[in-house]
Structures are given as structure tokens and as C-alpha cells.
Amino acid sequence: MAHVTPVQRQHLANGLALLIPALLFGFLVSAQWQTQLERSSLAVRYNAPLTEAAQSLQNEQNALKAQLAELRKQLDSIQANASTQTDASRSLQARIDDLKARAGLTAVAGDGVIISLDDAKQTAVNAKDVDKSICHATDLTDIVNTAWRGGAQAVAINDERIVGTSSVYCVGSTIMVNGTLMSPPFQIVVIGRQDQLLGAFEDPAQLRDIKQRSEVHGLGFRVSRASQLRAPEYNGALNVRAAQPK
Amino acid sequence: MRTSGGSIAVAAVALFLGVLAVSQFRSQDVYSRSLQLETPASLTTLIASLADKNSALRDEIFDLRVRVTAASGSVSTGQFSLTEGERQLGQLRVFAAQDAITGQGISVSIDGAFDEKAMSDLVNELRNAGAEGIAINDRRVGPRSWFAPGTQGALALDGTRLAGPWTVRAIGPADVIFVAVTRTGGIVGQFELIYRSTRFRVTKESALELPPLR
């Protein structure tokens, strides 16, 4: 075993004494440099009030959707009572109920599959690959397309039911589904015949890009069989204004 | 001299490690998405979109309140008519694409190479801009519609082959949808860069007619 002389011990102590301040300095220099790169003076000045405004509008939207759901419930209840009055009203109510189910305005429960989609977490990536490691709005639309192709009866993304007027929209790195702000992880509930749905999602020709990015860049993507799923009813506006039945 | 040289080397390595550690931490932090990380321009767009959606919700709440009040009154007096139910049925038939519909909107002509993913993106963009009903050539796009590649440059909508040239018609607020798809950096501009030999033409239409879902 090598003998450590007092002089060598002193050298070691000097080195260690420099180690901690140097590490701290490295942290500070790097953090400061990167922060300056990312945040422009405009961002510093306006981000806080703009973020607050966006969050406030999202909270307002949640409250409006709750009010809308309550009013729809009240109208349903009135109609259900009235539908006992005549055969014509009973028949009308049955047609309304059928259309509501087809349009995604009633909650659906049943077996199906759950798709988890998330930004890569563990993989160290180069800046040029970041894009391939995160979820995009088009990933969600591709998954929804595959679900319908596989015979899905109902689809919901993070509890937002997908209907005929639904859109998945991306601004910056924030995704909106039915106008609701969302960020990863995403859980897509797909209700339908499990074998048929799994067949569609496992088909190598489907979702090629997502599967490849999952393997190479660590994008989180998983399809699993699930029982007793629930897709809530659509709670947004029907927004039928310009269109008139012919 | 050896002492100070060794110390400087240790300090340089430590400095380098510090920089690496922060870089790694920051590269993982890229994934933690939050509104605080958005640019002011993105936040402004998000706010405009949220405000539009909230406005549509408020309009519908106002409309529903009137209908609930009217329906409650008519039931309590025993005079409940089928009018409210028929109105709701009509609205649902449009929403579920069960009826042929008419109204203002836009028309997008696509002549040349195009694919099913781009068509799906266009439909998504039109819906986001407020389209209430969409048809491609003579086929209506429904709530559960899906796209797939077709043979010989065609695409398939709900399993039906649709060959180009394609005409995508969307009923909804014509001015809003037109601006949304034709704005600088918008979806049509992106298509023009990607499908360079394909011709895209967007027009506002005062009266469109779409078939029901088949």
C-alpha cells in the first residue's frame, strides 16, 4: 500500500478545497448562460401575465362546461318526463337518445384498449432529436385515426371525448383537445372490440413513425388491453350555427 | 508548481463536470412542458383560442337556458309540444352528420400528389377553425371517420377509395375558416412547400351543400 506523505496530503486537501467552488461555479455559469438563451426580455416581461390569463380562461372554460352539462341534464330530464305523455314524444325521445349516443354526447363504458403516450424521459438526447422524443398533436390524430379504423365505438383523450367536430391543436409545445389545454402524459381510452383494436394498433403499417420514435428516441408509447373503461360524454359546445339541414 | 498545476487541473475538471451536470438537467427539463415555457406569441395564440371556445360555450349556455325555461313552463302547464324535441333532433342530426346540410363555408381544391395523413391534418385544421360539416368529393366525413392510403395515388375515407383531384368542402364561418387555412405559415402554405407540384386553391363559398354520412 502506498504511503501518503504529509505534503501529498496537503496537495490533496488543496485540490478538494477547490473542487466544490469550481463545481458550483460551473453550475452557475452554465445555468445562467442557458437561461439567457431561452428567455428573451419579451418573455420575461409578458409571460407571467399571459400565463395567468391563459390559466384563468382555462378555469373559466371548465366552469362553463360544468354549467353546460348541468343545463343539458335539466333539459334531458324535462324531455324524459314529457316523453311519457304521447307516443309521438316517446318515439322522438328514442331517436334523440340514439343520435346522442352516436354523436358522443353520452358516456360509454366497456372493454377496449388504453394507449399511453408520453414525452421521452430517460433518454439523453441531442437538441436535434428533441422533436422526435416528444408528443405532437399529429401523434394524437394518428392514434385516433387508427382507433376508428380498428372499429372503436368511443375514444377519449385525457377525458376529452372525441366527436365529429373535435380537433387536436398544437401551439408552441402546448396541445389543445376540444379547446382544452393539455400536456403529456396522454391517456387515450378506446372502447371497442379488443382483438380488432389490438390488431389495428399492432399492425406494423400503422403508426410507423410513433413506433420508430419510441424504439429509437424513447418516446413513451404503449398499447394495452383494458376492461371496464369509461369514455365520458362530450361536454363542449355543439356549435351548429352556419349549417342548416337541407 | 506541481501543486498548483494539479489543483488547476482538478478545478478545470470540476468546472467541466458542473457544466455537464447542468446541461443534462436542462436537457431533461425540456420535457417538462408548462405554460411558463411558452413564448409570448404562443401564449397569445392560446389565449385567443381559449377565448373563442369560451365564447361558443357561453352562446350555447344562453341558448340552453332559454330552452330549459320554455320547456319547464310548457310541461308544468301540460302544454308540452314536440317543438323542443324536434329542434334538438335537428341539431343532433347535423352534429352527427346524419343529414344533408347547406350553408356558407370554404372549398379547398387539391390537384396533384397528396396523401391520407395530409388529408387527415387538413380535416383536423378545418374542424379547429370551426367547420360544422366536412365532405371530400361526394363523401361526408363523420364523427368516426378514418383515412387510409389508397391505390394508385388515391386515398381512402372510411374504406372507400377517393381518387384525386379532391375537393374538400367545409360548412362553417367562411371568413374565419378561410383565414385559418390560408394565413402565412398556415396549413395550405405548408402543403405548398411539401407538395410542390400539387395545386391548392381555397375559395369562400356562400352556399355549399354536403351529403349525409353513408
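Please read all numbers here as calculations on a predicted model, not as lab measurements. (Residues numbered from 1 in each chain as written. Chains lettered and ligands numbered in written order. Predicted model: local features only at pLDDT ≥ 70, side-chain atom pairs only at ≥ 80, totals over all residues. Heavy atoms only, no water.)

The helix and strand tally for chain A stands at 7 helices and 9 strands. Counting across all 246 residues of chain A, residues that qualify as buried make up 48%. Roughly 12,800 Å² of accessible area belongs to chain A as shown, and the carbon and sulfur atoms make up 54% of that amount. (Helix = DSSP H or I, 4+ residues; strand = E, 2+ residues; numbered from the N terminus. Buried < 20%, exposed > 50% of the residue type's maximum accessible area, 1.4 Å probe, protein only. Areas by Shrake-Rupley, 256 points an atom, 1.4 Å probe, with all protein chains shown as cover.)

Regarding its fold elements, chain B presents 6 helices and 8 strands. Its helices and strands taken in sequence order, chain B reads α-α-α-β-α-β-β-β-β-β-β-α-α-β from the N to the C terminus. Looking at chain B as a whole, 47% of its 214 residues qualify as buried. In chain B, the proportion of contacts linking residues at least 24 apart, taken out of those at least 6 apart, comes to 73%. (Contact = heavy atoms within 4.5 Å.)

What follows is about the pairing of strand 2 (residues 154–157) of chain A. All names here are of chain A. Burial along strand 2 is two-sided: the residues Ala 154 and Ala 156 and Val 155 and Ile 157 are all buried. Note: strand 2 against strand 7 (residues 186–191), 4 bridges, orientation antiparallel. The residue of strand 7 that forms the bridge with Ala 156 is Val 189. The pairing of strand 2 with strand 3 (residues 160–161) spans 2 bridges and is classified as antiparallel. Looking across to strand 3, one finds that Ile 157 is bridged to Glu 160. Hairpin remark: strand 2 followed by strand 3, antiparallel, with 2 residues in the connecting loop; positive phi at Asn 158, about 40°. (Pairing = 2+ DSSP bridges.)

Two aromatic rings, taken as a pair, are described by how far apart their centres are and by the angle between their planes. Residues and elements named next belong to chain B. One pass over the full model with this rule turns up 7 aromatic pairs over all chains. With 5.7 Å between their ring centres and 65° between their planes, Phe 114 and Phe 200 make a pair best called edge-to-face. A residue pair is termed long-range when its members are at least 10 positions apart, and Phe 114 in the loop between strand 1 (101–111) and helix 4 (116–128) and Phe 200 in strand 8 (residues 199–210) qualify at 86 residues. Across this residue pair, the class does not change: Phe 114 and Phe 200 are buried. Members of the aromatic cluster, connected to one another through ring pairs, are Phe 114, Trp 166, Phe 191, Tyr 195 and Phe 200. Sitting over the face of the ring of Phe 178, Lys 204 holds its NZ or CZ atom 5.3 Å from the ring centroid. (Phe/Tyr/Trp six-rings, centres within 6.5 Å; stacked < 30°, edge-to-face > 60°. Lys NZ or Arg CZ within 6 Å of the ring centre and 35° of its normal.)

Let us look at the sheet that holds strand 5 (residues 155–157) of chain B. Residue and element names in this part refer to chain B. Strand order in the open sheet made by the 3 strands is 4-5-6, with antiparallel pairing throughout. Each edge of the sheet is formed by a strand with only one pairing partner; in this case those strands are strand 4 (147–149) and strand 6 (160–162). Each strand axis lies, on average, 35° off the axis of its neighbour in the sheet, ignoring direction. Where strand 5 meets strand 6, 3 bridges bridge the pair, whose relative direction is antiparallel. By the bridge assignment, Ala 156 is partnered in strand 6 with Arg 161. Its contacts with the sheet put helix 4 on strand 4 and strand 5, and the angle it makes with strand 4 is roughly 160°. (Axes fitted to C-alpha atoms, helices over the stretch in contact; angles between N-to-C directions.)

So, about empty space enclosed by the protein. For the structure shown, the criterion picks out 4 cavities of 30 Å³ or more. Its volume calculated, the largest cavity comes out at about 230 Å³. In terms of lining residues, the largest cavity is bounded by 19 residues, among which Thr 141, Val 144 and Trp 148 of chain A together with Ser 120 and Arg 127 of chain B are the most central. Breaking the lining of the largest cavity down by element, the ones donating at least two residues are helix 5 (137–149) of chain A together with helix 4 of chain B. Among the residues making up the lining of the largest cavity, the classes are represented as 9 nonpolar, 8 polar and 2 charged. The volume enclosed by the second largest cavity comes to roughly 90 Å³. (1 Å grid on protein atoms, 1.4 Å probe; cavity = no way out; pocket = protein on both sides within 12 Å on 5 of 7 lines; lining within 4 Å. Points joined across faces, edges and corners; volume = space filled by probe spheres on them. Nonpolar A, V, L, I, M, F, W, Y, C, P; charged D, E, K, R; others polar.)

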